[in-house]
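# Results of the structural survey
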Amino acid sequence: MNAIYTILLLIGSNVFMTLAWYGHLKLSEMKISDSWPLIGVILFSWGVAFFEYCLQVPSNKIGFVGNGGPFTLFQLKIIQEVISLTVFTIVAMLMFKGESLHWNHIASFICLIAAVGFAFMKS
């Protein structure tokens, strides 16, 4: 169950991370944050990122083999990167209608999935 909890927490964490990193661009596109000073945009993003950390830290704690979880440190990081790009792609396609997925993006994702496979191979 720790593997499932870890992955679910990582998914939630990455939703918040993506919104913290790129949500302000959507707010600007919608003319909501146009008048905000840069420090206001930074503080908004930090506020959103707080919730990312509230999920990211427990996911790593639960998932890490040193704490009784199923994943090594490198496996956790590679899983997180694949989840991050998957969540980013979904959010970008939903929030930013001008963005589109191309063959080279798909090829990159295939390479990342292969990286996960390599990370889990016994050495």
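This next bit is on the overall build of the protein. Broken down by element type, the protein carries 4 helices and 0 strands. Going from N to C terminus, the protein has its helices and strands arranged as α-α-α-α. Taking the principal axes of its C-alpha atoms as reference, the protein extends roughly 55 × 35 × 20 Å. Among the 123 residues that make up the protein, the fraction classed as buried is 29%. Pairs at least 24 apart in sequence give 69% of the contacts found in the protein among residues at least 6 apart. Carbon and sulfur atoms form 75% of the exposed surface of the protein, whose accessible area is close to 8100 Å². Looking at charge distribution, the protein has the averaged site of its 6 positive side-chain charges lying 9 Å from that of its 5 negative ones.

As a packed pair, helix H3 (residues 73–95) and helix H4 (residues 103–120) sit with axes 9 Å apart at the nearest point and diverge in direction by 160°. Classified by the angle their axes make, H3 and H4 are roughly antiparallel. Of the two elements, H3 crosses H4, and the hand of that crossing is left-handed. Every residue of H4 that contacts H3 at Gln75, Ile78, Ile79, Val82, Leu85 and Thr89 is listed here: Phe109, Leu112, Ala115, Val116, Ala119 and Phe120. When its residues are assigned to classes, the contact of H3 with H4 shows 10 nonpolar, 2 polar and no charged.

So, about the packing of aromatic side chains. If you walk through the whole model with that rule in mind, you get 6 aromatic pairs. Between the aromatic rings of Trp21 and Tyr22, the centroid separation amounts to 6.2 Å while the plane-to-plane angle is 65°, which identifies the pairing as edge-to-face. With a centroid separation of 5.3 Å and an interplanar angle of 80°, the aromatic rings of Phe50 and Phe51 are classed as edge-to-face. Three or more aromatic residues link up through ring pairs in this structure, and these residues are Phe16, Phe50 and Phe51. Over the ring of Phe96 we find Lys26, and its NZ or CZ is 5.9 Å from the ring centre.

Once that is clear, we can look at the confidence of the model for the protein. On average, residues of the protein carry a pLDDT of 92, and 100% of them reach 70 or more. Across the protein, helix H2 (residues 38–63) holds the top mean pLDDT of 96, while H4 sits lowest at 86.

Turning next to the side chain of Lys26. Within the secondary structure, Lys26 is located in helix H1 (residues 2–29). Leaving out residues up to four positions away in the same chain, Lys26 has contacts with Met95 and Phe96.

Our next topic: unusual backbone geometry. Positioned with a positive phi, Lys31 is a non-glycine residue whose angle comes to about 65°. For Lys31, a relative accessible area of 62% gives the class exposed.

The rules behind each value
- Residues numbered from 1 in each chain as written.
- Predicted model: local features only at pLDDT ≥ 70, side-chain atom pairs only at ≥ 80, totals over all residues.
- Heavy atoms only, no water.
- Helix = DSSP H or I, 4+ residues; strand = E, 2+ residues; numbered from the N terminus.
- Buried < 20%, exposed > 50% of the residue type's maximum accessible area, 1.4 Å probe, protein only.
- Contact = heavy atoms within 4.5 Å.
- Areas by Shrake-Rupley, 256 points an atom, 1.4 Å probe, with all protein chains shown as cover.
- Lys, Arg positive; Asp, Glu negative; His and termini not counted.
- Charge placed at Lys NZ, Arg CZ, Asp CG, Glu CD.
- Axes fitted to C-alpha atoms, helices over the stretch in contact; angles between N-to-C directions.
- Parallel < 35°, antiparallel > 145°, perpendicular 65-115°, else oblique.
- Left-handed = near helix turned anticlockwise from the far one by under 90°.
- Nonpolar A, V, L, I, M, F, W, Y, C, P; charged D, E, K, R; others polar.
- Phe/Tyr/Trp six-rings, centres within 6.5 Å; stacked < 30°, edge-to-face > 60°.
- Lys NZ or Arg CZ within 6 Å of the ring centre and 35° of its normal.
- pLDDT = per-residue confidence, 0-100.

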